[in-house]
Amino acid sequence: MPLIAHAREHRLWVLTAADSSYVLRVGDDDLLYSLHWGRALTVEQAVSLLEYPPARSRSCEVPSDGVLDLSPAGQARYGHAGLQVRFADGARDLDLRYTRHRLTDDELVLSFEDSFFPLTVEAIYRVRAGSPAIERHLTVRHTGSETPIEVVRADSATWVLPELPDYRLSHAYGQWNGEGRLQRAPLAHGETALGSRRGVTSHHANPWAMIDDGTASEDQGAVYGTALAWSGNWQILAQRMPSDRVSLSLGSGHGAESRLLEPGEELSTPVSVGMYTEGGFGGASRAWHEYVRAHVLKHPLELRPVLYNSWEATGFEVSLNAQMALADRAAQIGVELFVMDDGWFGRRVDDTAGLGDWAPNPERFPDGLRPLIKHVHGLGMKFGLWVEPEMANPDSDLYRAHPDWIIHRPHRHRTRIRGQHVLNLARPAVAAWVHATIDRLLRDNEIDFLKWDMNRPLTEVGPLDERADDRLWSAYVENLYTILDRLRADHRALRIENCSSGGGRVDLGMLVRTDQVWPSDNTDAVDRLEIQHGYTQVYPAQTMGAWITASPNPWTGRESPLDQRFHVAAAGVLGVGLDLAACDEAELSRLGTLIARYKVLRPLIQHGTQYRLGTPGRDALTAVQYVASDESEIVVLAFLRSRRFGRADPALPLRALDPRARYREADSGRVHHGAVLLARGLPLDLPTGDQASTMIHLRRLGPDEEEQFAPIGVNPSP
Ligand code: DGJ
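Thresholds, definitions, all that
Residues numbered from 1 in each chain as written. Predicted model: local features only at pLDDT ≥ 70, side-chain atom pairs only at ≥ 80, totals over all residues. Heavy atoms only, no water. Helix = DSSP H or I, 4+ residues; strand = E, 2+ residues; numbered from the N terminus. Buried < 20%, exposed > 50% of the residue type's maximum accessible area, 1.4 Å probe, protein only. Contact = heavy atoms within 4.5 Å. Areas by Shrake-Rupley, 256 points an atom, 1.4 Å probe, with all protein chains shown as cover. Lys, Arg positive; Asp, Glu negative; His and termini not counted. Charge placed at Lys NZ, Arg CZ, Asp CG, Glu CD. Near = heavy atom within 4 Å. Polar contact = N/O pair within 3.5 Å; in protein donor to acceptor, adjacent residues only side chain to side chain. Expected span 1.5 Å × (residues − 1). Arc of directions from axis to C-beta. Phe/Tyr/Trp six-rings, centres within 6.5 Å; stacked < 30°, edge-to-face > 60°. Lys NZ or Arg CZ within 6 Å of the ring centre and 35° of its normal. Pairing = 2+ DSSP bridges. Axes fitted to C-alpha atoms, helices over the stretch in contact; angles between N-to-C directions. Salt bridge = Lys/Arg side-chain N within 4 Å of Asp/Glu carboxyl O.

A. Quick look at the overall build of the chain. Of regular secondary structure, the chain possesses 14 helices and 38 strands. Each principal axis of the C-alpha atoms in the chain carries an extent, and together these give about 80 × 80 × 45 Å. Split into buried and exposed, the 718 residues of the chain put 58% on the buried side. A fraction of 68% describes how many contacts in the chain between residues 6 or more apart in sequence connect residues 24 or more apart. Here the chain displays about 28300 Å² of accessible surface, and carbon together with sulfur accounts for 50% of that area. Of the charged side chains in the chain, 76 are positive and 95 negative; the average position of the first set lies 1 Å away from that of the second.

B. Quick peek at the site of the ligand. Close to the ligand lie 13 residues, the nearest being Asp341, Asp342, Lys451, Asp453 and Asp521. A distance of 3.0 Å separates an oxygen atom of the ligand from a polar side-chain atom of Trp386. For the ligand, the accessible surface in isolation is 300 Å², of which the surrounding protein chains cover 98%.

C. Geometry of helix 8 (residues 471-490). Counted at 1.5 Å a residue, the expected span for helix 8 with its 20 residues is 28 Å, and the 28 Å between its end C-alpha atoms agrees. Among the 20 residues in helix 8, 14 count as buried, and that is most of the element.

D. Quick look at unusual backbone geometry. Following Ser551, the chain continues to Pro552 via a peptide bond in cis, the omega torsion being -5°. When you line up the elements, Pro552 lands in the loop between strand 31 (545-548) and helix 11 (562-569). The phi dihedral of Glu631 falls on the positive side, at around 65°, and the residue is not glycine. Along the chain, Glu631 falls in the loop between strand 34 (621-627) and strand 35 (633-640). A relative accessible area of 45% means that Glu631 is categorised as partly exposed. With a phi close to 55°, Phe645 is a non-glycine residue in the positive phi region. By the secondary structure assignment, Phe645 is in the loop between strand 35 and strand 36 (662-665).

E. Looking closely at helix 4 (residues 320-332). With 13 residues, helix 4 extends 18 Å from end C-alpha to end C-alpha; this agrees with the ideal 18 Å at 1.5 Å per step. Listing the buried residues of helix 4 in full gives Leu320, Gln323, Met324, Leu326, Ala327 and Ala330. Axial view of helix 4: buried residues confined to an arc of 160°, hence all on one face. Considering only its buried residues, helix 4 is in contact with strand 23 (307-309), helix 3 (311-314), strand 24 (337-340) and helix 5 (370-378). Positive phi shows up at Gly334, right after helix 4, with a value of about 105°.

F. Focus on the packing of aromatic side chains. In the structure shown here, the tally under the stated rule is 22 aromatic pairs. Taken together, Tyr22, Trp37, Trp159, Tyr224 and Tyr276 form an aromatic cluster joined through their ring pairs. Directly above the ring of Phe281 sits Arg184, whose terminal nitrogen or CZ lies 3.4 Å from the centroid.

G. Spotlight on the sheet that holds strand 36. What the six strands build is an open sheet, ordered 33-34-35-38-36-37; its pairing is antiparallel. Edge positions in the sheet fall to strand 33 (609-613) and strand 37 (671-673), since each of these pairs with one other strand and no more. Averaged over all pairs of adjacent strands, the angle between strand axes in this sheet comes to 25°, irrespective of strand direction. Bridge count between strand 36 and strand 38 (residues 692-700): three bridges; the pairing is antiparallel. By the bridge assignment, Arg664 is partnered in strand 38 with Arg699. Along the sheet, helix 11 makes contact with strand 35 and strand 38, crossing strand 38 at roughly 55°.

H. Up close: the pattern of salt bridges. Using the criterion set out here, one finds 44 salt bridges in the structure. Across the pair Asp30 and Arg11 runs a salt bridge, and its minimum N-O distance is 3.3 Å. With a gap of 19 residues between them, Asp30 in the loop between strand 3 (20-26) and strand 4 (32-39) and Arg11 in the loop between strand 1 (4-7) and strand 2 (12-17) connect regions that are remote in the sequence. Note on Arg11: relative accessible area 25%, which makes it partly exposed. The shortest N-O distance in the salt bridge between Arg348 and Asp342 comes to 2.9 Å.

Geometric values such as these leave the question of function open.
Below is the structure:
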């Protein structure tokens, strides 16, 4: 079946993405309707949808309200309009007429123009072969030669759901130190807005949303997933009409964030991705993970190294000797990438000074960074460096030289957060300086990895130039993207970790430009399970940084066994944030053993298929299971929060095994029937005490090994 098919006489298109279809039709009224989103249909089947009776038009109800793929403001539609403009004479009604389509193997462009005003709109769809993902964005162009047109809102996509018996919304909410927590609740009638007004994606909500009919579980049921690839202000508007039709409209900007389109100017929105999947929320997540691997990440096949990060060990107390001593110990336990965090530059001895002055602190690093880098490389590790290039402290040479470079307004207070201001990256000269400064740092030093941090939201945002519009918000993000893209193009071996006070800027837009994420500053093993559960709803384990840190945890004061801290961190890209100088030989030796074990299983964890078993925060026993692509190996990380009433430890039913095969535990040598592991579960040999955890590696028996055993079952298959 072609990815995109066209029934010309009906002005209908069928986009087929893996096992799903998305059907579009331009109606007789020239509006673009979403006719179907769900199981795959042929063109002939899709055309038969036109025989269904249309919704009735009544004086107070308009059939197109809430069911348009491209929903322009105007006429008698009062629901959310994904496209809103204001023309020079004040008119706000759009009257779009379909003009033509362009079709390639995987891309469809539907073009519209206003019946009177000089405005054209293109709705652009891309289907990715083998994935249920459909990408959609919009371009809006001023084709005239006179006064500007104000674009008040241009959503990237409005995904219209089919009629379901009920609707439930899943999304992630959070805060600093508690990002990405999953919320799943019935969708209320009216409008539910998720989003950020902070200029960054935010800790508080993440730009994805999923809808099911209220009956999907982790393992079964249809799920409609959507996400926005954008790292600034954003909004997802979930609209449940009184008619019970539901749509999800995703776009940059929170509410109205208007742009003045000059004659000849074109606005292109970020991409929104939508996917229909079956197989429950677990199935949906696996499809998102595959999509991210295949179409978002630049280096999806590379194994992410085990890193050490000095932040929790030293804070701002950074010195050459102490870092070298930490590096010695990091190398001893098997770390592959040593990252020096904040405190190495300018007069950065605390968080009040130095941001903007990206030269090594001469007292701490009298000969620059090279001696440390040489030492780290000499130990066989890569070298990583923390930077926060989008910022300036008032106490910095940069700010003293360019006080006007920060985002600010005349006659307004310059709000400081964490003692710092945001550089106005929307201004080309400032963006050029940021790029040149980091580029020089990379050219002057053999830096393999940057931890790119961004520790405060934007304030006092106003017009960028003489045009009184809100383009600063989006220009900031676009210029940030350009800087990252250029650095990556010019420094091909460089890898980047995306951090924003933990997970303040986690989204598909940043994942295109970075290799991994620091999802939260909260390194408490118990809290982290919930954060990771939320993170992996959309983003794969190979992007999810996780460190073993101290017990009691510096943030929560909770004590956790070392093995449990390891098991939690091993669920993603393993890192160590402990003060290694304070560890005794026994701890170092145990860390070395655990890291070596992670390295053996890392390909499975980072590149395998992930199954979440249970919900942290709700279930006492939870686990994450990773299955190799050839299904021959499995890793299970299991966590038992606490035991009650002296009950025996529960067994853990696994997923995605061959019921006819047998599996051997690598450590104990115990052999299990696949059917029993699926039905009854894996017996867990957990340590005593609360917060017990384990890591189990299973290997499917090969035909030679199988011969040692009696045939399985009464009617073994041939
Ligand atoms: C916030 C980050 O999330 C931390 O990991 C650390 O890098 C600090 N910034 C340093 O200031």
